[in-house]
Amino acid sequence: MPYADLSSQELEERLAALRDEYATHRAKGLSLNMARGKPSREQLALSLPMLDAIGAADDLIAEDGTDCANYGGFEGIPEAKRLMASMLDHDPADVLVFGNSSLNIMYDLVVAGMLYGYAGRPAWKTLPEPRWICPVPGYDRHFRIVERLGFAPVVVPMTENGPDMDEVERIVAEDDSVKGIWCVPKYSNPTGAVYADDTVRRLAAMPCAAPDFRIFWDNAYCIHHLYEDEGRQARVLDIARACEEAGHPDRYFKFASTSKVTLPGAGIAAVAASRRNLDDVIERVGCETVGYDKLNQLRHVRFLHGAHGLAAHMAKHAAIIRPKFDLVAHVLDRELADTGAAWTHPSGGYFVSFDGLPHTAKRTVALAKEAGVTMTGAGATWPGGIDPDDRNIRIAPTLPPLEELERALEVFVCCVKIASIEAILSSRREG
């Protein structure tokens, strides 16, 4: 029976039993972690052979003659440009392959807007208060970039088809201080949402008061399918083509990396954009470096063997993490259906987005931590770490082994139940 339909006495009785169960969990001295979306050791092992893909005696020359052990090849070696273009659904000629972090590229491009501006417009730092659209729940590191650089975040809700486009269109049409939007178009962090075609077209075509408005299209999970059939069906309309067709060819930047494909911190990252935007990027980044790690680019190319090899490699990842997402769905569906909470059932990506009752997320996460289970901090999916309803929790099931994940979920659902009953009882007393 739904908790909301139980009498206060019945809820008190359940709460007492749950507190006894919680005490048992605490006594186990657990140390389990579901805080960040990290690959498991088993996933990392898939890419360890890449370390042997090139050796001291090997030919280190790229197909265009670039010596990967020397300077040169600033835009990336051709083989790596094609590999990343297959992830980004883009012409390899308009793809730049840089270092290990797409987040680093995003940060640099926001900084470039602040210092120099885009499209011949004034630098964003000249504005009294530049603003940036942040769909919520969303990725905390995206939010930290713009907050750190002095932007006021403009919150819009996420839907199952992407950001609330009625709200986005209203904001950008009225306010020329709004300079960009964060988008994770496929298997969005943390909801797993996949942008609908209509969402992509509206983003590309919407009238913007700021001519230098930019869409930061973070395709972090574009090939991270959990279920291959659903992955093929979840193809996202290309933002580049949509922008070109709408007459705004310079509106977007697309990003991707192999951070969760091969080895985190030792992958390669890329940006795709219009040639005008890329010329700006090349001019500015050319002041920072004379070139990136082409040996790592060559290592990735020789290990992954192009788009087909990349797909086969990702199928191995999916086989490892799919049972974990299935377990999360099974446990939450079985244990929490009566609480009034809701959660996503993603077809890919690294997260499950959980919405408890209002004013329960911080309590749930704190209870879990006391019992030895570390979750992503409550509020992390909102700018400034402040979820006004205190209800969203990002569940990251990939890192722990399946057995540990099951124990962590046992603790988590117990904590959710306690926090839910406490919130209902408190509301009744105040009412």
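Check the entry above for the structure.
Every value quoted in this text rests on a predicted model; they were computed, and no experiment measured them.

Some details on the packing of helix 13 (residues 361-370) against helix 14 (residues 402-430)
Here helix 13 crosses helix 14 at 140°, and the two axes come no closer than 9 Å. Here helix 14 runs oblique to helix 13, going by the angle between their axes. At the point where helix 13 passes helix 14, the crossing takes the right-handed sense. Residues R363, T364, L367 and A368 of helix 13 form the contact with helix 14, whose own contacting residues are V411, F412, C415, V416, I418, A419 and E422.

Observations concerning helix 1 (residues 8-27)
The terminal C-alpha atoms of helix 1 lie 28 Å apart, and with 20 residues this matches the ideal 28 Å at 1.5 Å per residue to within 8%. Turning to helix 1, the residues buried within the fold contact helix 13 and helix 14. At the exit of helix 1 stands G29, carrying a positive phi of roughly 65°.

Re the sheet that holds strand 11 (residues 352-355)
Taken in spatial order, the 3 strands line up as 10-11-13 in an open sheet, and their pairing is antiparallel. With one partner strand each, in any of the chains shown, strand 10 (342-343) and strand 13 (392-395) form the two edges of the open sheet. As judged from the 2 bridges shared by strand 10 and strand 11, these two strands associate in the antiparallel manner. For A342, the partnering residue across the bridge sits in strand 11 and is D355.

A closer look at the environment of A204
Within the element layout of this structure, A204 appears in helix 7 (residues 197-205). Owing to a relative accessible area of 0%, A204 belongs among the buried residues under this scheme. For A204, the contacting residues outside a window of four places in its chain are I239, A242, C243, A246, H248 and R251.

Concerning the side chain of T339
Along the chain, the position of T339 falls in the loop between helix 12 (306-335) and strand 10. Judged by its relative accessible area of 3%, T339 falls in the buried class. A polar contact is formed between the side chain of T339 and the backbone oxygen of L336, at a distance of 2.8 Å. From its side chain, T339 meets the backbone nitrogen of A341 in a polar contact 3.2 Å long. When neighbours within four sequence positions are excluded, T339 is seen to be in contact with Y3, L357, K417 and S420.

Calculation rules
- Residues numbered from 1 in each chain as written.
- Predicted model: local features only at pLDDT ≥ 70, side-chain atom pairs only at ≥ 80, totals over all residues.
- Heavy atoms only, no water.
- Axes fitted to C-alpha atoms, helices over the stretch in contact; angles between N-to-C directions.
- Helix = DSSP H or I, 4+ residues; strand = E, 2+ residues; numbered from the N terminus.
- Parallel < 35°, antiparallel > 145°, perpendicular 65-115°, else oblique.
- Left-handed = near helix turned anticlockwise from the far one by under 90°.
- Contact = heavy atoms within 4.5 Å.
- Expected span 1.5 Å × (residues − 1).
- Pairing = 2+ DSSP bridges.
- Buried < 20%, exposed > 50% of the residue type's maximum accessible area, 1.4 Å probe, protein only.
- Polar contact = N/O pair within 3.5 Å; in protein donor to acceptor, adjacent residues only side chain to side chain.

These values are about where atoms sit, not about what they do.
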